[in-house]
Amino acid sequence: MPGAHARDADFVLEQVRQHTGWFARSLPMIASENVISPLARQMLVSDFHDRYAEGHPGKRYYQGCTYIDEVERRCNELARKLFRANQVDVRATSGTTANMAAFFALAQPGDTIAAINTAQGGHISHAKMGAVGLRGFNLVYYPFDEANMTIDAPLAAKLIRQEKPKACLVGNSLFLFPIDVRTISDAAHEVGARVMYDAAHVLGLIAGGQFQDPLREGADVMTGSTHKTLPGPQGGVVATDLPDTNEADQKFKKKLDSGVFPGTVSSHHLHHMAAKCVAFAEALDFGEAYAKQVIRNAQALAQGMHELGLKVLCEHRGFTQSHQVAVDVRAHGGGRHCAELLERCNVISNMNMIPGDQKATDPSGLRFGSQELTRLGMREGEMREVAGILHAAVAKGEAPDKVAARVSELRQRFQGVHYCYREGLPAHQLWEFLPVAR
Ligand code: DSN
């Protein structure tokens, strides 16, 4: 007998099957997502998933880590090379836990820190309602240059010198252009503050040498997610390149380490760690070419939409230097309406606040990312096709089923994963399980 709840298990199988089929005929354009390589995906279902290993290789609290230790040593080694950092913690289970671990080292509860407002593209973990509030920090916001979609660095430096925060966070969720980290870090270091660069979105672009190099531009620590432009498993990293030559830096590095374990994880996710190791190897071999194409594709997408009359932000700066493109769709019913409409066309995107917006639940913008379509092998020509599809849905009022048919036709040509080992294997595959209920 299969058991009373076998139908629930079958329900899950069916939902996952439907979801996978849907994504195989859709355009996945959410800027914080990506498709993992088939080899890295295999690590996620390996026996590593079933195990525990607190601490560092060779210094565990559990037996059974012989091979896990070997993989984690290699993972650490590749991470240091990829991020050009002398200490990288690969155990953080997400970008937000990576940030929380860094917060532990950066300041004490009750201290003031500086960050970007979420309304101007800052991440929720940098906000009072998120991890910053949980750690009990007070918050001051940088002045933001809305025309150029970046922190106003000279005014931010002035604020830092006035307010003397204990830490300065930089890095965005809506992240179109590199930040002037040097100006901010000069002011921060002058008042004794540390600088954290949150590279969640742009980690793969930084690793591929195509965005900016925060650890060389004055950031004391860089955190990031391993599943956005760095196309690995869901997870985070905490990286620093501070030298071991003075006591304060050494203490800070130790606090980063204990901020991860035991601060924010007990046993880290070993299957994710193994998948990160594969993804880092792939990024070292293919990451530069991938990052270049991601940015070229974002720029081609932005240019295509602009030429069709959509209001793409920051034309005077070439629209974007990252994987992201932001569009003001106020004239077409607003961000929520357009994102929902696009979903009916099988284009998956998200509504986003843009300058002037007050309400996160009813913003005027859409945010698109080129990183997953690039991973699926699309190039500038396809980006122009995608721009036409978006324009048809949002501005021309073409029927969603007609647009969805165009989307499906385009996607049929791009089913494999690229910039990885065993290139070209399908991105969307399911294990063949038969239903368990009778
Ligand atoms: N808030 C997510 C995003 O930018 O999509 C990342 O955590």
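Worth saying up front: this structure is predicted, and the values here are computed from it rather than measured.

A. Structural context of the site of the ligand. Taken together, S32, H123, S173, H201, K228 and R367 are the residues near the ligand. In this structure, H123 approaches the ligand through a side-chain N or O atom, which is 2.9 Å from an oxygen atom. In the environment of the ligand, an oxygen atom lies 3.1 Å from a nitrogen or oxygen atom belonging to the side chain of S173. Alone, the ligand offers 240 Å² of accessible surface; in the complex the protein occludes 65% of this.

B. Representation of the pattern of salt bridges. The full count for this structure, using the stated rule, is 23 salt bridges. Residues D47 and R51 are paired through a salt bridge, measuring 2.7 Å at the closest nitrogen-oxygen approach. Given a relative accessible area of 39%, R51 falls into the partly exposed group. The network of salt bridges with shared partners includes R84, D213, R216 and D241.

C. Up close: empty space enclosed by the protein. Here the structure, examined in full by the defined rule, presents three cavities of 30 Å³ or more. In this structure, the largest cavity encloses a volume near 90 Å³. Considering the residues around the largest cavity, the lining is formed by G204, T229, L230, P231, A279, E282, A283, F286, G287, Y290, R375 and Y419. For the lining of the largest cavity, the leading source of residues is helix α10 (residues 270–307), giving six residues. Considered class by class, the residues forming the lining of the largest cavity number seven nonpolar, three polar and two charged.

D. Representation of the packing of aromatic side chains in the model. Tallied over the entire structure, the rule returns nine aromatic pairs. Pairing F175 with F211 gives two aromatic rings, centres 5.3 Å apart and planes at 85°, and the pair type is edge-to-face. You can see F175 sitting in the loop between β9 (167–170) and α7 (181–190) and its partner F211 sitting in the loop between α8 (203–207) and β11 (221–225), a full 36 residues away along the chain. An identical accessibility class is assigned to F175 and F211; each is buried. Plain terms: the ring middles of Y290 and Y419 are 5.1 Å apart, the flat faces sit at 55° to each other, and that makes the pair tilted. Of the two residues, Y290 is situated in helix α10 and Y419 in the segment after α14 (400–412); the sequence distance between them amounts to 129 residues. For the residue pair Y290 and Y419, the accessibility class agrees, reading buried in each case. Here a set of aromatic residues connected by ring pairs shows up, and it is made of F175, Y197 and F211. Just above the ring of F252 sits the side chain of R194; from NZ or CZ to the centre is 4.3 Å. Against the face of F104 rests K255, its NZ or CZ located 5.5 Å from the ring centre.

E. The arrangement of the sheet that holds strand β16 (residues 350–352) in detail. The sheet built from four strands is open, its strands ordered β13-β14-β17-β16 with antiparallel pairing. Two strands in the sheet have a free side with no partner beyond their single neighbour: β13 (311–312) and β16. Here two bridges tie β13 to strand β14 (residues 324–328), and the two strands are oriented antiparallel to one another. Considered in β14, the bridge of V312 is made with V327. Across the face of the sheet, α10 comes into contact with β13, β14 and β17 (365–369) while running at roughly 20° to β14.

F. Expanded view of the side chain of S173. Among the structural elements, S173 can be located in the loop between β9 and α7. Non-local contacts of S173, meaning those with residues more than four positions away in its chain, are made with G121, G122, H123, H201, Q324 and R367.

G. Representation of the packing of helix α4 (residues 95–106) against helix α9 (residues 247–264) within the structure. Relative to each other, α4 and α9 sit at 130°, their axes nearing to 8 Å. In terms of axis orientation, α4 runs oblique to α9. Considering the relative orientation of α4 and α9, their crossing is right-handed. For the pair α4 and α9, the contacting residues are T97, M100, A101, A102, F104, A105 and L106 in the first and F252, K255, L256, S258, G259, V260 and T264 in the second. Of the residues assigned to the contact of α4 with α9, the class counts are nine nonpolar, four polar and one charged.

H. Quick look at the pairing of β17. Most of β17 sits out of view: five of its five residues are buried. Burial along β17 is two-sided: G365, R367 and G369 and L366 and F368, pointing in opposite directions, are all buried. As paired elements, β14 and β17 share five bridges and run antiparallel to each other. Paired with Q324 across the two strands is G369, which belongs to β17. By the bridge criterion, three bridges tie β16 to β17 in an arrangement that is antiparallel. Bridging across to β17, M351 finds its partner in L366.

I. Layout of the environment of P165. If you trace the backbone, P165 turns up in the loop between α6 (153–163) and β9. Judged by its relative accessible area of 2%, P165 falls in the buried class.

J. Local environment of the side chain of R367. Checked against the element boundaries, R367 lands in strand β17. Among buried Asp, Glu, Lys and Arg side chains, R367 stands out as unpaired, with E33 the closest opposite charge at 7.9 Å. In this structure the side chain of R367 is engaged in a polar contact, spanning 3.4 Å, whose partner is the side chain of H201.

Analysis parameters
- Residues numbered from 1 in each chain as written.
- Predicted model: local features only at pLDDT ≥ 70, side-chain atom pairs only at ≥ 80, totals over all residues.
- Heavy atoms only, no water.
- Near = heavy atom within 4 Å.
- Polar contact = N/O pair within 3.5 Å; in protein donor to acceptor, adjacent residues only side chain to side chain.
- Areas by Shrake-Rupley, 256 points an atom, 1.4 Å probe, with all protein chains shown as cover.
- Salt bridge = Lys/Arg side-chain N within 4 Å of Asp/Glu carboxyl O.
- Buried < 20%, exposed > 50% of the residue type's maximum accessible area, 1.4 Å probe, protein only.
- 1 Å grid on protein atoms, 1.4 Å probe; cavity = no way out; pocket = protein on both sides within 12 Å on 5 of 7 lines; lining within 4 Å.
- Points joined across faces, edges and corners; volume = space filled by probe spheres on them.
- Helix = DSSP H or I, 4+ residues; strand = E, 2+ residues; numbered from the N terminus.
- Nonpolar A, V, L, I, M, F, W, Y, C, P; charged D, E, K, R; others polar.
- Phe/Tyr/Trp six-rings, centres within 6.5 Å; stacked < 30°, edge-to-face > 60°.
- Lys NZ or Arg CZ within 6 Å of the ring centre and 35° of its normal.
- Pairing = 2+ DSSP bridges.
- Contact = heavy atoms within 4.5 Å.
- Axes fitted to C-alpha atoms, helices over the stretch in contact; angles between N-to-C directions.
- Parallel < 35°, antiparallel > 145°, perpendicular 65-115°, else oblique.
- Left-handed = near helix turned anticlockwise from the far one by under 90°.
- Lys, Arg positive; Asp, Glu negative; His and termini not counted.

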